Structure formats: structure tokens, C-alpha cells
Amino acid sequence: MFTVNVNGRDYEAAQDKKLLPFLRDDLGLTAAKDGCSEGACGTCTVLVDGVMTRACVVSLSKLEGKKVLTVEGIAPDEMVVYEHCFAEAGAVQCGFCIPGMIISAKSLLDVNLNPTRADVKQAIKGNLCRCTGYKKIEDAILMAAEFFREKKAIPAPPTSLKMDQHAQRIDAREKVNGTGLFADDLRFDGMLYAKAVFSKYPRARIDRIDVSKAQAHPDCVKVLTKADMPCNKIGHIKQDWDVMMGEGDITRYVGNVLAVVATDRKEKLEEIAALVEVDYTELTPVTTPFDALKGDAPLIHEDGNVMSRANLVRGNADEAIKNSKYVVTRKYKTSWQEHGFMEPECCVAVPEGEDGLLLYTTSQSIYDVQRECAQDLGLPPEKVHCRAPLVGGGFGGKEDMTVQPYAALMAWATKRPVKVKYTRQESLNYHVKRHPMEMEFTTACDENGILTGMKGIIIADTGAYASLGGPVLHRACTHAAGPYNYQNIDIFGMSVYTNNVVSGAFRGFGVTQSCFATEMNINLLAEMVGIDPWEFRRRNAIKPGDVLPNGQTADPNTNMAACLDAVKEVYYANPYAGIACGFKNSGTGMGKKDVGRVLLSVERGKVHIRTSASCMGQGIGQMVLTEICHVTGLDPALFVFENADTVRTPDSGTSTASRQTVVTGEAARRAGEKLARALEGGKTVADLEGQEFFGEYSVQTDPLGAIKENPISHVSYSYGAQVIILNEAGKITKAISAFDVGTPVNIQSVEGQIEGGMVMGIGYGVTEKFECVDGQPRSRFGTIGFMRAPDAPELEVILCRPEKGDELPYSLGAKGCGELCMIPTAPACAHAYYRLDGKFRQSLPLEGTPYRKK
């Protein structure tokens, strides 16, 4: 028997175990999160006798006579300061890391109420965050120190809310105090725990699967195999993903599931899964697109190894290049990138009614989950009810199904609640990554440095399944020429199946890769012309009324030139500064259906905001609230933002393609205007009890290759310039972004998104590397190279707002910023290192830097 004092109270445990499952499973204290179970992420941080401790590492037997403090145990008058300061600073995005950050902040402020920023960075060095870039978390801790030190009172909340203001997010407090629930925080009576058995090899024939020993285990409740699947093919766009594989099948990657086991004793899952016996005939995997394209390559899918193609032709690139004064041709290569969202994938499936299911899951669209899970179970969609808890980061990596089909199937088979959660290593090994791409780009200009034409070939490794590989390839091609004014373009791309880990959606969506190639070529052209890279970009920057390389006419709100002007001084002031530009669409576009929906319902004197738009940290709730408050003038306290629910909230599409701010934001504005009209004549919200106000916005765009002079590919574009500054030792000391994202909705949120994107972009360009060798993932969470607070550089964000009257005519002028923020970062890093040591680097992550020495 072990006695542990937690939050001032003694608890007993019959068996020794790690502190984290004791807190979460036995005591129901779920603020400490299970982000990795290996002491790397810091989401489970608690205080033990005032010392920061990883709850996933320390055992109960080591805690006899010691006092454990979790976020739940912080005194209310102290917690309210953290709630205010973290919300006021904009430090909260997805929120999964925040309770751990609060504990680390407390460990510092309990002994030092006059910390420097360096002190704060050191205090949170063990806490990873993939959303914020750390700056606003550091600001929040410094602000909290001031409140404690000066005994400041918490100010009353404002009674109005407008666009382009500093405002506290409506979801911040529950994420700070730990009361907000993520999928893994949910518990139900009689709940089972299930786990998949994965393929040992990326490509092998499955000769035998024997589940008898697993079934005979005294704690095994159920084992399911392919034979139990009503429908075995799903897919976000292309229906090519095997839910399970069986005897006689040839595996496509190591993430193929061969069986699913369930038990009511979570600690027995690994033991039972290990009893499933599988015999294979190992086959040679196809691990590069070029091998997959060989004439004697095995077919990974029956319809061939080329998953998709894309081709963008405007003008006459060959003629333009032939007649140009300067021409550069180079090859470039980019690798995988791991999303690194702090919350591993989790789904809880609960039987509902006589023949239905209720799914709680981390995802980027509850309607996608409903559609795909209903399909694999052979059920009508209305029988699969999906509800969103908080989502701990996504960045594109939670668009595809991962754990959901297995939780749904097991709950359907057993008629009991079932939780399926990836371990961190399973998440690394099996969920999608950024597409590796190999590119050959030719870029040309005249004697004055005016771009004349470009040709490009892009070969993408989409891995074992299609995922979002088709749209990713399209974006890589349509954005490949950059945010510049020239129209002779010829870009061809192919996305190819291999036996590698699947590649899918990732912040930047293919544009990060092609931007790297074009921006590097531009630096070489500038040298040939004899002008500096800033000046070269300024001469070619797209302006309102110009025609983008993809044929779309630039809107009046296009502000690329202002972004470059904003970074001119800092670029010229630093000898080792690198510069790059980028642009990114908002909305799915390309002629695809793209609809945002918001329903307002007046219930018990409050206005309920109902939309399925998934928030993975970007602040959907605050965005729609701001749009509505701006047009109604109502007090934000009158509103309730509901979590996405397929029964309660209308389908507003997937949170992807930087679309929600424009598309769902415009739907929110329209719903708000209807509400405003209903309030005319002195009516109050109470007078509208029971009424509903619906807003919908459907984007109209043209498909790729549309036969028209100036097709509209996307409803809007955001633009930006970034500067990366190195010191003489090659360390990144500062990153500056000047971005045109239209009219900011919420200033802290916009800045925080951009700051987090810059740090993630530095990771992609310099510090991170995901290893996959011969189809086998080889990386661990703690060694990928995610940037921590002490290593993160100073971050500066400059927002280049449109002139009055030039705003985007939708969403009160707001444009997307969640993806653009990391697109120019890697080429800006590469350019900075080129200026430092003269080495022209053509692959990512960059080699020969202090961060990754060859």
C-alpha cells in the first residue's frame, strides 16, 4: 500500500504505478495531460514538494512523505491571476500544454516575482508548445509576476467587442484551469480500452493471423479482424485506405491494422495485443517515388502507383525563358515533417439509443468523422452522432481518420463505451506527415530583374494512401511561382504512392515546399542581375490589379508590397539576414464546394453560437463571436459558444486550407446581421427567446485549368515577407514577419498564430528531422528537434492592414493566416545561412548549421 498526498489530501494506492495514471484514472484529476509518456513534452508537469516533476515518469513509491500539487490544487485567488494573464496575453491556443505551463510558471513565481524573460524561458524549457512559439506564454508569465508582485486587481471584462482589437478568447479560462475536457479526459461506466495490432513490415504478404491466444487471455473482452468490418475502405477524398488487412493481403505500410483487441483493464492492453500471432512473407518495399515509377515496380494500388497529377500552364514559358537575359535551373529536395501536435489521437465511442453511436474525438471535422465511420460500419450517417471535445492541436494532421474507425467498430461490436488512443510513438509512426518533394525549377528574368517565366516539375511522395495528396499537389503547383507579377508558367506535378508513412495535410499544404524552390532561385537571379534580394522581390511583388502567375487578378486588398516595405530596414541593417516571401489561399477553392454555416439560437436569455467549424487552437469561437458582436453591438457575455456536434451544429466544412476565418467568418457575419435586424426597435435578446438566425456563405471559384482569361482559383489570398537574422555563430536570434492577413479579427490570436508558425517553420527549415528508413519510421518524440523556449528566437509580427475601402468584402475584411505564417520561413533561413557562409543549400532540413551539423 502506498500513500500519496495530492493537493493537500492523502490517497492510498494498492499497487505501485506511475503518478500520471494515478492522477488521471484513479483520482479523476485530468488537468495533467498524457502527451508522450516518456518525459519529453511536459504536459503532465506537477509540483512535488515545490519542484517541477514529470508525472509520467515518477512512480508512487518515490512519493511517500512528499506533497504533490496539480493545477486543480492551485488556490482560486491565485488561479484567477493565471487565467487573466494567460488570456490577456493571448498565450492560449489549443490549450493542451497550458496546465503544464501553469505549473512551471508557478514553480518560478513562487520563488521569484521579478523574473527576466530569460528566467521564464528557463522555467518552461521542459514544456513543449507547437502552437504559440512561446512568446505569448512568456508574456503571460511576466504579466502574472507583475500582478502578484503589485497585488493588482483583475479588471472587469469589456462589454463590447469589435474587429481588430485585443480581446481575451472565450475558451482561455477552461484551458488554463484544466476544466476544459479533451477526448482522453472522458470516462464512462463500463468503458473498454482498445488497441490496434499493426503490421511489422511496410510491404509483406500476410500468411496467417492467429488471435486465439489473445482471446484466451483472462482480461481480453474482444478481438476484431478484417472479417468483422462491414466496409473496409475509407478515405478523406479517394476511398483507398484499408481499415484493416487480413490473411492473403499485402501490406502497404507499417500503419496497416491487422487486429483490434479490447479489455476493461487498460494496463493489460499491450500484453493482450502482443499475443496476436502474425506470419509474414516479407517483400521488398518501394520507398521512393522514382522506384515506384520504374517499369518493373510492384503496384502498391490496383489503379497504379501515380496517385494524382497536376499541370498549370499560363502563357508560353519556353519562349519566355529562351528570350530572357538570366536563367537559373536548380533541383531541390524536402523531407517529411511531423506535426507534433501535443495531444495524441484519441476517440471515445459510446452506444447511443438502440442502434446508434456517439463519438467524442479529436479531429478537424466532426462531419468527416461521421461520414467515414458511418461508411465503414455500413450505417446511415444519422446513426453516427459525433461531438467534439477540445482538440489539442492539428495543423492538418487530424484530417484523416486514425483511431476513430476502431473505437466505433469495437463499441458497435461490444455495445459498450470504448476508448482508443494512440501512444505518442504510434502517433509518430502511423499518422500522416508533410509530403517529401523533389523539384526541378527553372526561373528567368530580364536585365532589370523583372521575372519573365518559370518551369517546374514536382514529384511528391504521398506514401501508402492518397490522404490529401491530390489537393496538396495542386497547391504546390498553383503557388509555385510565388507572389509575383509574371504570367509565363509551366508546372507539372505528380504525387506517387510508396510504402512509406502516409503524407497528407500539413500547415502550408504543399506551398512550403514549392516556395522554398522558387525563393532560392530568386536569390540566385538577384546575384546575376546585380541587385540585392529585397530589391528584386520589391520590383516583382504582386500589386492590386496585377495578374498572379496562376491567372487570378489580384484583389484591391493585396498588400504584398507593403509587407516588403515593412521589413526593408531590418533586412538592410543585418549582414546575416535572410528574406523570403510567400502567399497562401483562403478556402478550398479550385471549383470545389466550400460552404460555411453558423446558426444562432436564443435560449434562456443567451445567444448560442452553433457551427461545426473545428477549433484545434486557432480560436474559432472567438472569431465567430467577434464577427457577430461587431455587427450586433451586443455584450460578449450574452453569447454561448457550443462545441461542434452533428446534432446541434450545422456543417461548416473541414478546418483546412485557411478557410474558416473567411468562409465561416462570413457566415457568422450574415447570421449576426439577421440578429441585428431582429433587435431593431429597442428589442433585447430576451425578447427573441426561441428564435433562430442562420447564416450561410458558399464560395464560388473556378477549377484548375478553367478556360478563361482570369480564373478565380480562391476567394482570397494572404501575403507575407519574413526575415530571419543570424548571429556570427549561426544561431537564429530574431524572426520578423510582415503579413497581409486583411483586417485582424483578434490581434493576440493573429500574432500568436504567426509567432507559432514562424517557430514551426524554423523547425521545418533547420532543427527538425523525421526519419523513415526503408519504410520504417525511426524517430522518437524527444529527438525530432522541436524547438523549446530557450532556443526560440525573438519574434516580431507586423500586420500590414488594407487601406480603408480596399478590404476583402467578406468576413469584415479578415483573411486566413494559419498556414501562410510558416511558408516563407525555411527559404528565409536558407538565405540567411547563404549570406553567412556562402553555401547554397538545396534540401530541407538545412545541413551544416549549429542546429543540425552534417
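Residues numbered from 1 in each chain as written. Predicted model: local features only at pLDDT ≥ 70, side-chain atom pairs only at ≥ 80, totals over all residues. Heavy atoms only, no water.

Engineer: What is the right way to look at the overall build of the protein chain in this model?
Structural biologist: Each helix and strand in the protein chain was counted, giving 21 helices and 31 strands. The C-alpha radius of gyration computed for the protein chain amounts to 26 Å, which stays within 12% of the reference 29 Å derived for 854 residues, consistent with globular compactness. Principal axes of the C-alpha set define a box for the protein chain whose edges measure 80 × 70 × 60 Å. Expressed as a percentage of the 854 residues in the protein chain, the buried residues total 65%. Accessible area for the protein chain stands at about 29,200 Å²; split by element, carbon and sulfur atoms hold 49% of it. (Helix = DSSP H or I, 4+ residues; strand = E, 2+ residues; numbered from the N terminus. Rg over C-alpha atoms; globule rule 2.2 N^0.38 Å. Buried < 20%, exposed > 50% of the residue type's maximum accessible area, 1.4 Å probe, protein only. Areas by Shrake-Rupley, 256 points an atom, 1.4 Å probe, with all protein chains shown as cover.)

Engineer: Sorry if this is basic, but what is going on with the sheet that holds strand β31 (residues 794-799) here?
Structural biologist: Within a sheet, neighbouring strands are paired by backbone hydrogen bonds and run either parallel or antiparallel to one another. Sheet architecture is open: four strands sit in the order β22-β27-β28-β31, paired in mixed fashion. Taken across any chain shown, the strands that pair with only one partner, and hence form the sheet edges, are β22 (577-586) and β31. Taken pair by pair, the neighbouring strands of this sheet meet at an average axis angle of 15°, ignoring direction. Sheet strands in contact with helix α20 (residues 747-767) are β27 (716-726), β28 (732-740) and β31, and its direction is about 125° off that of β31. Contacting β22, β27 and β28, helix α21 (residues 825-837) crosses the sheet at an angle of about 165° to β22. (Pairing = 2+ DSSP bridges. Axes fitted to C-alpha atoms, helices over the stretch in contact; angles between N-to-C directions. Contact = heavy atoms within 4.5 Å.)

Engineer: Looking at this structure, I do not really get the nonpolar core. What am I missing?
Structural biologist: Generally speaking, soluble globular proteins have nonpolar side chains that are buried together. Residues Phe86, Ile137 and Leu359 are the most contacted members of the largest nonpolar core, which totals 219 residues. Among the nonpolar cores identified, the runner-up in size contains 35 residues, and Leu600, Cys629, Val663 and Ala667 belong to it. (Core = buried A, V, L, I, M, F, W, Y, C linked by side-chain atoms within 4.5 Å.)

Engineer: Help me out: how do you make sense of the packing of aromatic side chains in this one?
Structural biologist: For any pair of aromatic rings, geometry is given as the distance between the ring centres together with the angle between the planes. All told, the structure shown has 19 aromatic pairs when counted by the stated rule. Between Tyr82 and Phe148, the ring centres sit 5.4 Å apart and the planes meet at 70°, which makes this aromatic pair edge-to-face. Here Tyr82, found in helix α2 (residues 76-89), pairs with Phe148, found in helix α5 (residues 135-150); they are 66 residues apart in sequence, far enough to count as distant. Using a relative accessible area of 1% as the deciding quantity, one classes Tyr82 as buried. Three or more aromatic residues joined by ring pairs make a cluster, and in this case those are Tyr332, Phe516, Tyr834 and Phe840. When the ring centre of Tyr764 is taken as reference, the NZ or CZ atom of Arg434 above it lies at 4.7 Å. (Phe/Tyr/Trp six-rings, centres within 6.5 Å; stacked < 30°, edge-to-face > 60°. Lys NZ or Arg CZ within 6 Å of the ring centre and 35° of its normal.)

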